[in-house]
Amino acid sequence: MEYEMVIGMEIHVELGTKTKIFCSCPTKFGQEENTHTCPVCLGMPGVLPVLNEKVVEYATRAGLALNCEIAHFSKMDRKNYFYPDLPKAYQTSQFDLPICTGGVVEIEVDGVKKDIGITRIHIEEDAGKLLHESADGTLVDVNRCGVPLVEIVTEPDLRSAEEARTFAEKVRNIMEYTGVSDCKMQEGSMRFDVNISMREKGVTVLGTRTEMKNLNSFRALIRAVQYESKRQIIELKKGHEIVQETRKWDDTKGVSSSLRSKEEAQDYRYFPEPDLVPIVIEKEYIEKIKRELPELPEAKKQRYIDEYKLPEYDAGVLTATGVTARFFEEAVLLYDEPKQISNWIMVEIPPLLKEKEITMENIPIAPVQLAELLKLVKENVINGTSGKEVLKEMFNTGKNPGEIVKEKGLAQMSDTAELEAIIEKIVADNPKSVEDIGTGNEKAYGFLTGKVMKETKGKANPQVANKIIREVVAKHLG
C-alpha cells in the first residue's frame, strides 16, 4: 500500500520593529534576561496596550508580498491559555478576522511548479522563552514577551519534505526582501510549526495529523518531516491509529516525542480584546504600501537573467537573499562583468564565510573591494591564483586589494626581457621537452609553462610567458 504525505505549515515571523507590539520596550535580541519588560508587556492589571502602527504596516506588506487580500476591517482577540513563559496567561492575537487572507506562493521542485495556498496571515505577540539548562531548574526570560509576530498559515498543499523546505525558504526570502523581518532563525526570528498526516494514495479525505512545533532551521524542518512521515507509515502498517497530538522534535537525536494530546480541539475561549480598537485600513493605505514594495526575489531573478545574461542557476543563488543580491548589484555598478562577479560570489567567497562561521550579512569586505580585486585580475596585474590569495587576506585584514598586492609582492611579471632570460634557461635545461615538441607533442609546452610558473613563484603573466616559450622553443628547434 502506498501513502501520500499531506503537510500544512504555520510560519511565525518576528517583525523587525524597534519596539514591541503594545508598548515601547525595545525588541533587541540577546540582552540581559528580563530587562526589556514593563507592566504592559507583562500584562499587569490596569494597563492599557497601544497597537504599534509599524506592526500593521509590516503585516500589510507581508500580505501583499504573498499575494493576500488585505482586510479593511480586522481586530485583535484574546487567546486564553496558561503557559509558564506567558505571564499574563493569555496571548493577544487575531481569531476570526485576520489582517490577511487568501494568498498564494508558487514553488518549483524538480522542475515542477506548484501553487501553495496561504489561508491567512494574522498579527500576534510572542511569548517568552524557557531556559532548561540551568542547575536551578527551568528559568524563564520574558524579554521576548510582546515582540510582534505575523503567523503565516498555509493550506494543506505540501506533499514532501523538499516542498516544505522550498516553500519555507521562499517565504523567508520574501520576508527578508520586504524588510518585514531579518528572519534570523538562530535568534528565533523565524520558526516553523508543521502539521503532517498520511493517507492512502488516491484518497481525498485527510488523515489524522500531528503537529511538530518550533522548528528553527531548514535542516530541522526536512529531518522532522521525514522522520514523522516514516513513523506514521509504520504505525498505519501495523494497523494502529494515528493519535492527534503535538510532538517535540529533538534535532540532536533526530527523533520526535509526544508533548501533549490534541484529541479534541483546544478551547482557547477567544474573545475580542477589550482594550484595543479594531484595525481599519483604507484602500489608499494598501495601495501606498503596494507601490512601496521592493523588487521581490522572483522578479529580481528574472531581471538578472535578462539584464545581466546570467544562467538561471547563478541568478537563483544571487537572489536567494537580499544581502547577496545587494552585494552583487553594487559590485556590478563598479565593475561591469556580471558573470565574473557571480563566479567569485558563488565559488570563492562561501568557503571563506564558512571558515569564519559568518554569513553574507557579516561579510568583512565591501563590494567596491571585490570590484577592485577583479579589475586587478582582468588587467593582468595579478593572476587568478594570486587573486584568491588576496581575497583571503582581505577577509582576514580588511585591507584593500592593491595594498595587499604591494605588501606581498604578488604583482605578475610582465617584463618580457626578465621573463625571456628565465625561459631561455628553463628551455636550455629541458632539451627533452624541446625534442618532444619537435615531434608534435604539444603537452610538453604545459610542462615548460609549469617550470616557469614555479621559478617565478606564480608571478609570471601566463599569456606573456606562453608566447615567449613558443618563441624560444621555435628558436631552439631551428
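Since this is a predicted model, take the numbers as computed values, not measurements.

A. Examining the domain arrangement of the protein chain more closely. Segmentation of the protein chain into domains returns domain 1 (3-285), domain 2 (295-408) and domain 3 (416-477). The C-alpha centroid of domain 3 is placed 66 Å from the C-alpha centroid of domain 1.

B. Here's a closer look at unusual backbone geometry. Although it is not a glycine, Asp110 adopts a positive phi angle of roughly 55 degrees. Positionally, Asp110 belongs in the loop between strand 6 (100-109) and strand 7 (112-125). Positive phi outside glycine occurs at Cys183, with the angle close to 55 degrees. Relative to the assigned elements, Cys183 resides in the loop between helix 2 (161-178) and strand 11 (190-200). On the basis of relative accessible area, Cys183 is assigned to the buried category, the value being 5%.

C. Representation of the sheet that holds strand 4 (residues 77-80). Read across the sheet, three strands follow the order 5-4-15 without closing on themselves; strand pairing throughout is antiparallel. The open sheet has two free edges, formed respectively by strand 5 (90-93) and strand 15 (271-272), since each of these has just one partner strand. Where strand 4 and strand 5 come together, four bridges link them in antiparallel fashion. Bridge pairing links Lys79 to Gln91 in strand 5.

D. Region of the structure containing the pattern of salt bridges. As enumerated under the stated definition, the model contains 43 salt bridges in all. The salt bridge partner of Arg303 is Glu295, with a shortest N-O separation of 2.8 Å. The residue Glu307 makes a salt bridge to Arg303 at a minimum N-O spacing of 3.1 Å. Highlighted residues: Glu307 and Arg303, both in helix 5 (residues 297-307), separated by four residues, approximately one helical turn. On the basis of relative accessible area, Glu307 is assigned to the partly exposed category, the value being 46%. Arg303 gets classed as partly exposed once you look at its relative accessible area, which sits at 22%. When salt bridges that share partners are traced, they join Glu295, Lys300, Arg303, Glu307 and Glu329 into one network.

E. Geometry of the sheet that holds strand 6. Taken in spatial order, the nine strands of this open sheet run 2-6-7-10-1-11-12-13-14, and their pairing is mixed. A single partner strand is all that each edge strand has here, and the edge strands are strand 2 (69-70) and strand 14 (255-261). As paired strands, strand 1 (residues 3-14) and strand 11 are joined by eleven bridges and run antiparallel to one another. Counted as the bridge partner of His12 is Arg191 from strand 11.

F. Geometry of the packing of aromatic side chains. This structure, assessed with the given rule, holds eight aromatic pairs. Aromatic side chains Tyr308 and Phe328 sit 5.3 Å apart centroid to centroid with 85 degrees between the ring planes, which places their arrangement in the edge-to-face category. Note that Tyr308 is positioned in the loop between helix 5 and helix 6 (312-318) and Phe328 in helix 7 (residues 322-334), a separation of 20 residues in sequence. Tyr308 gets classed as buried once you look at its relative accessible area, which sits at 16%. We classify Phe328 as buried; its relative accessible area is 0%. The residue whose ring lies beneath Arg78 is Tyr90, and the NZ or CZ to ring-centre distance is 4.2 Å. Positioned above the aromatic ring of Tyr268 is the side chain of Lys79, whose terminal nitrogen or guanidinium carbon lies 4.5 Å from the ring centre.

G. Looking closely at the nonpolar core. Membership of the largest hydrophobic core comes to 67 residues, with the highest contact counts inside it found for Met9, Phe167, Met175 and Phe192. Leaving out residues up to four positions away in the same chain, Phe167 has contacts with Met9, Ile11, Val105, Ile107, Ile116, Ile118, Thr154 and Leu158. Leu318, Phe327, Ile349 and Leu370 belong to the second largest nonpolar core, which has 36 residues in total.

H. Spatial organisation of the packing of helix 8 (residues 338-356) against helix 10 (residues 384-397). Viewed as axis vectors pointing N to C, helix 8 and helix 10 meet at an angle of 40 degrees, and their least axial separation amounts to 11 Å. What the angle tells us is that helix 8 and helix 10 run oblique. Note that helix 8 runs across helix 10; the crossing there is right-handed. Of helix 10, the residues touching helix 8 (which contributes Trp344, Glu348, Ile349, Leu352, Leu353, Glu355 and Lys356) are Gly384, Gly387, Lys388, Leu391, Lys392, Phe395 and Asn396. Along the lines of polarity and charge, the residues of the contact of helix 8 with helix 10 split into six nonpolar, three polar and five charged.

Conventions we followed
- Per chain, residue numbering runs from 1 following the sequence as it is written.
- pLDDT decides what is reported in this predicted model: residues at 70 or higher carry local features, side-chain atom pairs at 80 or more are listed and counted, and totals for whole chains, interfaces and linings draw on all residues regardless.
- The side-chain figures draw on all heavy atoms in the structure; neither hydrogens nor water molecules are used.
- For the domain bounds, the source is a domain assignment made automatically or taken from a database.
- Strands are runs of DSSP state E lasting at least two residues, helices are runs of H or I lasting at least four, and both sets are numbered from the N terminus onward.
- Burial classes: relative accessible area under 20% of the type maximum marks a residue as buried, over 50% as exposed, and values in between as partly exposed (1.4 Å probe, protein chains only).
- Two strands are said to pair when DSSP picks up at least two bridges between them.
- Criterion for a salt bridge: a side-chain nitrogen of Lys or Arg within 4 Å of a carboxyl oxygen of Asp or Glu.
- Two rings belonging to Phe, Tyr or Trp (six-membered ring only in the last case) form a pair when the distance between their centres is within 6.5 Å. Interplanar angles under 30 degrees mark stacking, angles over 60 mark edge-to-face geometry, and anything in between is tilted.
- We count a charge as sitting over a ring when the NZ of a lysine or the CZ of an arginine lies within 6 Å of the ring centre and within 35 degrees of the ring normal.
- Buried Ala, Val, Leu, Ile, Met, Phe, Trp, Tyr and Cys residues form a nonpolar core when they are joined through side-chain atoms within 4.5 Å.
- Should any heavy atoms of two residues lie within 4.5 Å, those residues are considered in contact.
- Every axis in this analysis is a line fitted to C-alpha atoms, fitted for helices over the stretch in contact. Angles between the N-to-C directions lie between 0 and 180 degrees.
- Relative orientations are named as follows: roughly parallel for angles under 35 degrees, roughly antiparallel for angles over 145 degrees, roughly perpendicular for angles from 65 to 115 degrees, and oblique for any other angle.
- Note on convention: near helix rotated counterclockwise from far helix by under a right angle means a left-handed crossing. Clockwise means right-handed.
- Amino acids are sorted into nonpolar (Ala, Val, Leu, Ile, Met, Phe, Trp, Tyr, Cys and Pro), charged (Asp, Glu, Lys and Arg) and polar (every other residue, Gly among them).

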